[in-house]
Structures are given as C-alpha cells and as structure tokens.
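# Secondary and tertiary structure notes
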Amino acid sequence: MKKVAIIVPCYNEEEVILESYRRTKEVVLSLPNPAEIIYINDGSKDKTRYLLDGIAVSDPRVKVIHFSRNFGHQPAVTAGVNNCDAELAIIIDADMQDPPELIPELLALQEKEQANVVYCVRNSRQGESIFKKFSAKMFYRMMNYMSEVDFPLDTGDFRLIDRKVMDEFDRFKERGKYIRGLISWVGFKQVPFYYDRDPRIAGETKYPLSKMLKFASNAMLYFSKKPLKLAAGLGFLSVIVGLFLAVWFTLGKIYGFSNAESGWTSIVTIVTFFGGVQLLTVGVLGQYIGILFDEVKARPEYIIDEKRNFEAESE
Ligand code: UDP
Ligand code: MG
C-alpha cells in the first residue's frame, strides 16, 4: 500500500484548524494506506501555531512545519511537497472548501487510471462573492490565452500528485511558483476529478485583493512572455499611427486640407497618448526586470523556524 501525505497550508486559521484536523483525521483513519498530515504554518499571528503543536503532540501522524514569518500560500505548499517522503500527496486547503472526504475517491481514481496527477475541477463554488467567482473565471481563461501551456480551467491547488511529479517539482528553482501551472507543465498522465467547492467552514479568506493580484501577476509573468509581445505590438502600432499622421499633415500642408497651425488639441493628445504608450511598455519591461532581480538574488523561498514529528525519519 502506498504511503499518502495530506499537505495543508495554514495562515491564521485558528477558527478552522481543529475541525479541519478532526475531519481530515477521520479520512486518514478510514484509509487502508499508511497516511500522515503535514501542516505548514505560514507564519500565523493567531493561535494556529499553538493549536498545531498540541495536535502534533497527541498524534504522531501529524507533522508540522512552522515558517519564520508569512511567506504566502504557494511557498507553504512548496515546503509541504519538499518535505514529503510519501508516494502520494494530496494538497488541500485548511478551510475545508475542498472536502477531505473526497480523498478516498481521488486515490481510487489515481489507482484506476494509473495517473500521476489527479486535479480537481470546480463544478461550482459556494459561499464566495460574485466578484471572487467572476475574477477567478476571467483569470483562468486569461491565463490560457496568455501562456504557452494550456491549463485545465477552474482548478485550484487541490490535487493528488505522485512521487514522480513531486521529484520533478523539487527540482524547480524559481521563486514565484504558480503551483497549479507548474504541475500541469510537468506532464505525465493527468486526469480531472469534478467536485463542488464548499463554503469556508469559519473565518475569513486569507486572500485579500492585494494577495490575489500578486498571485495573478506572478502567474502571468512567470508563465508568459505575451505581455512583452503585446508591448512590442503596441509600440509598432504607435509607429504606424505616427507615420500616418506625419504623411497626413505634410500632404495637408501642401494641398491645404489640414490647418495644422491651430492644432494645439491634437498635439497635446498625441503627446500624451504616445507618452502613455511608452510608460506602459517600459512598465511591462520593468515587471520582468523585477522578476529577474528576485531570481538572481536567489534567496530561499521560505525559512523554516521549527519542524515537529519529522525527527523519527531522519535517524
Ligand atoms: N494560506 C497560507 N498563506 C497565506 C494565505 C493563505 O498558507 O498567506 C492558506 C490558507 O490558510 C488556506 C489556503 O492557503 O488553507 C487558501 O486560503 P484561503 O482559503 O484564504 O483562500 P480562498 O479559498 O479564499 O481563495
Ligand atoms: Mg479558502
């Protein structure tokens, strides 16, 4: 029987963590496979740390990684995968939006299809704002248009991956990981699993608009060079417009069909328009340079403060 690890990133989840553990543990106990839960405490400022330590003391099947501060959801999942020695791993949120009760079905599907990845596709999302649903829908479609790889639509990080995929994942050195995209990019046999996303059992979303924007722009910049092409296209277009205007006004002057002298408005319009185009394209370049800057520094993606219940194995 293959060993299964359930990877759960947590940030300020004191309201959900005990219930989340209770439900996940029931699933773990019902599995014929040996199983463990790996919680990554992503620098929570509430009682999450204390609660997780309590769980780890009473249950040796629970491993805990504490980060030194909040590094973000994607680094937390990365740490979970990097520290996982099981044959199969399931990545799941702490807030029970992705029901752990589906895990046996995921395992059965993996076994039946001999799949390397089972990715979970959201039929519906409950208890989320219209804005969140709409922006997520637009984002996944936009990503497919922008990137060189085709991603399955409406999937989050809730998925099952096998050892082969984890080993490949461990080789990724980039910092701004867009995990659902990377796993898709890795290849092998990937099969979908359709489910309905539940509302969060308690607490608030830990993805405020600022984090969502950062997540989306990272995904876009790491997976696509299209913004650069669009910037170049915009530059090309403005050159054409500029040439056309030059010819138009010159001929107008000769044949007397334009009154360019009195054209204060047109000059101001043109200057601001092209100024805008230039700033925009420089801005796009700047985004990529920023990424290069981060990648060249090659800082670690996350810093671990403490690990619980990992000792036994390393000996
Ligand atoms: N999370 C995290 N670090 C963060 C933000 C979120 O580890 O900086 C975790 C969070 O605890 C949860 C998962 O990532 O388990 C997804 O977050 P959330 O449910 O708040 O996002 P939403 O479902 O609203 O998109
Ligand atoms: Mg959630």
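See the structure printed just above.
This write-up is about the structure you can find in this document. (Residues numbered from 1 in each chain as written. Chains lettered and ligands numbered in written order. Predicted model: local features only at pLDDT ≥ 70, side-chain atom pairs only at ≥ 80, totals over all residues. Heavy atoms only, no water.)

## Overview of the coordination of the magnesium ion (ligand 2)
- At the metal site, the magnesium ion (ligand 2) is ligated by Asp 95 (OD) and Gln 97 (OE1), and these contacts range over 1.9 to 2.0 Å. Residues Asp 95 and Gln 97 agree in their burial class; the two are buried. (Donors = N, O, S within 2.8 Å, 3.2 Å for Na, K, Ca; no water. Buried < 20%, exposed > 50% of the residue type's maximum accessible area, 1.4 Å probe, protein only.)

## A few points about a nonpolar patch on the surface
- A contiguous nonpolar surface patch, about 780 Å² in accessible area, is contributed by Phe 244, Val 247, Trp 248, Leu 251, Ile 254, Tyr 255 and Phe 257.
- Mapped onto the secondary structure, Ile 254 falls in helix α9 (residues 226–255). (Patch = residues over 30% accessible without salt bridge, like charges linked within 9 Å, V, L, I, M, F, W, Y side chains within 5 Å. Areas by Shrake-Rupley, 256 points an atom, 1.4 Å probe, with all protein chains shown as cover. Salt bridge = Lys/Arg side-chain N within 4 Å of Asp/Glu carboxyl O. Helix = DSSP H or I, 4+ residues; strand = E, 2+ residues; numbered from the N terminus.)

## Considering the packing of helix α6 (residues 163–170) against helix α7 (residues 179–186)
- Relative to each other, α6 and α7 sit at 115°, their axes nearing to 10 Å. In this view, α6 runs roughly perpendicular relative to α7, as classed from their interaxial angle. α6 and α7 meet at a crossing whose hand is right-handed. Touching Val 165, Glu 168 and Phe 169 of α6 are Ile 179, Leu 182, Ile 183 and Val 186, all from α7. (Axes fitted to C-alpha atoms, helices over the stretch in contact; angles between N-to-C directions. Parallel < 35°, antiparallel > 145°, perpendicular 65-115°, else oblique. Left-handed = near helix turned anticlockwise from the far one by under 90°. Contact = heavy atoms within 4.5 Å.)

## Regarding the pattern of salt bridges
- This model, assessed by the stated rule, comprises 27 salt bridges.
- Taking the shortest distance from any N to any O, the salt bridge between Lys 3 and Asp 85 comes out at 3.0 Å. Here Asp 85 lies in the loop between α3 (73–82) and β4 (88–91) and Lys 3 lies in the segment before β1 (4–10), a separation of 82 residues in the sequence.
- Three or more residues are tied together by salt bridges with common partners; here these are Arg 49, Asp 53, Asp 305, Glu 306 and Arg 308.

## Observations regarding the packing of aromatic side chains
- Inspection of every chain in the model, using the stated rule, returns 14 aromatic pairs.
- Taking 5.2 Å as the distance between ring centres and 85° as the angle between the ring planes, the aromatic pair formed by Phe 151 and Phe 223 counts as edge-to-face. You can see Phe 151 sitting in the loop between α5 (130–146) and β6 (155–162) and its partner Phe 223 sitting in helix α8 (residues 209–223), a full 72 residues away along the chain. Neither residue differs from the other here; Phe 151 and Phe 223 are each classed as buried. (Phe/Tyr/Trp six-rings, centres within 6.5 Å; stacked < 30°, edge-to-face > 60°.)

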